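Observations on chain architecture
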Amino acid sequence: MKAKSCLPKYICEGLQFEVLAKCSTSKARISKLVLPHSTVETPVFMPVGTQATLKGILPEQLESLDCHIMLSNTYHLGNRPGSDLVAKAGGVHEFMGWKRSVLTDSGGFQMVSLSKLSTVSEEGVTFQSPYDGSTMLMSPEKSIAIQTELGADIIMQLDDVVHVLTTGERVEEAMWRTLRWLDRCIAAHNNTAQQNLFGIVQGGTDLPLRQKCCEEMTKRDLPGFAIGGLSGGEEKSVFWRMVKLSADNLPENKPRYCMGIGYAVDLVVCSALGVDMYDCVYPTRTARFGTALVSSGGGVLKLTNESFKYDFTPIDESCPCSTCRNFTRAFLNSIATNEPIASTLISIHNVCYQLRLMQSVREAILEDKFPEFVTNFMNEQFPDKKFPQWVVDALESVNISLQ
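Note that the coordinates shown come from a computational prediction; the quantities given were computed from them, not determined experimentally.

Our next topic: the overall build of the chain. Scanning the chain from N- to C-terminus turns up 16 helices and 17 strands. Against the 2.2 N^0.38 benchmark of 22 Å for 403 residues, the chain shows a C-alpha radius of gyration of 21 Å, consistent with a compact globule. Its C-alpha atoms give the chain principal-axis dimensions of roughly 60 × 45 × 40 Å. Per-residue burial for the chain yields a buried fraction of 56% across its 403 residues. Intrachain contacts of the chain at a sequence separation of at least 6 include 66% that bridge at least 24 residues. By element, 50% of the accessible surface of the chain is carried by carbon and sulfur atoms, the whole surface being about 16,400 Å². Looking at the chain, you have 38 positive and 45 negative side-chain charges, and the mean spots of the two groups are 2 Å apart.

Dropping the structure here:
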């Protein structure tokens, strides 16, 4: 039996979104997202190239891995080398030699990651540059102006981001300010034919606030919506409930993007909850510490371990990436964290792993075998069958049982 389909296609000037099939058990779905520079199938993982480059991977290597969209950072590119320079180069695609789609975040996350260097007001966020100490006001209008010069296919609103463990009045203040800033971003956005503005749902770990934010945000007919402010240290039992509530209250005919998600288990669970898009630095960052991503035995191989010194097998015999075709665990063990090329080789594998995982998710949805896929995946990740309770609860909320 094939998966249940399909919603009317959503079309705006710079984006088309069509749900191709839906899992008949859970809320997972496979969709086609048509953007100015590429067509993207979802659920999709987007590798992160903060400074318009993935650390250790060339654009042609990323393309050979069948990646169709990546992420770059508005705040950091706005500081260095500057969006005006990128614009003179022809935009971020020309600047970095990447022919496919790009999503740029808005600079809002840096309110948390660079909290000691920032202050927030209704006007915007004032940052002290970590590069030269200069100050910059990132207002909603400034964020859109930078992203317009960068020329990304998907651009994000500037949101008021607080640490996920923050409680009290500040969380509600940030939620309402995010909505006000969204309206300012909409007013400043004038390149709708080529760039697609997504709103970002905030509300911390407060279910009523998140639901209210969804209700208010979806009154704006945006091309897509993101779930923000999570994956920052909250309990996983809280995390999945926030994702589910947000996904349940966002339009079915628009893409749903959960920001900052990169662990394989999280990707599979959030796809079951109805999320379409993800990004994270995890695959390349963990590669720099000599860790490779795999499907079995806990999901990682720490290649620096002595046990791999005489292991002449590839990271994953089923992986088609150039690293697994040409190099052994023993070789990688000998150079991990010591030679720069090790980071490149492991990063290529890790990104390939993430992209292949999402391809497997899409194929399972299309064939309406997603629950079976999830069960097999979790059994590989947790061979002792000691599944995290949050995983069990999250999947049971969408009718998938691991028992």
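The rest of the description comes next.
The next point concerns helix H14 (residues 340-366). Over its 27 residues, H14 runs 40 Å from end to end, which matches the ideal 39 Å to within 8%, given 1.5 Å per residue. Most of H14 is tucked away: 20 of the 27 residues are buried. Where H14 terminates, the next one or two residues include Asp-368, which has phi positive at roughly 55 degrees.

Now for the environment of Thr-291. Assignment of secondary structure puts Thr-291 in strand E16 (residues 291-293). When its relative accessible area of 9% is taken as the criterion, Thr-291 is described as buried. As a C-alpha pair, Thr-291 and Leu-301 span 10 residues in sequence and 5.6 Å in three-dimensional space. When neighbours within four sequence positions are excluded, Thr-291 is seen to be in contact with Thr-286, Val-300, Leu-301, Lys-302, Ile-346 and Asn-350.

On to unusual backbone geometry, then. Glycine aside, the phi torsion of most residues is negative, and most peptide linkages are trans. Put simply, Thr-42 and Pro-43 share a cis peptide bond, and its omega is 5 degrees. A cis geometry characterises the amide bond from Arg-80 onward to Pro-81, with omega recorded as 15 degrees. With respect to the helices and strands, the residue Pro-81 is situated in the loop between helix H2 (74-79) and helix H3 (83-88). Positive phi values are uncommon outside glycine, yet Ala-52 reaches one of about 65 degrees. Along the chain, the position of Ala-52 falls in the loop between strand E5 (44-47) and helix H1 (59-64). Look at Ala-52 and you get buried, because its relative accessible area is 8%. Phi at Asp-368 is positive, roughly 55 degrees, even though this residue is not glycine. Positionally, Asp-368 belongs in the loop between H14 and helix H15 (370-381).

Cut-offs used in this document
Residues numbered from 1 in each chain as written. Predicted model: local features only at pLDDT ≥ 70, side-chain atom pairs only at ≥ 80, totals over all residues. Heavy atoms only, no water. Helix = DSSP H or I, 4+ residues; strand = E, 2+ residues; numbered from the N terminus. Rg over C-alpha atoms; globule rule 2.2 N^0.38 Å. Buried < 20%, exposed > 50% of the residue type's maximum accessible area, 1.4 Å probe, protein only. Contact = heavy atoms within 4.5 Å. Areas by Shrake-Rupley, 256 points an atom, 1.4 Å probe, with all protein chains shown as cover. Lys, Arg positive; Asp, Glu negative; His and termini not counted. Charge placed at Lys NZ, Arg CZ, Asp CG, Glu CD. Expected span 1.5 Å × (residues − 1).

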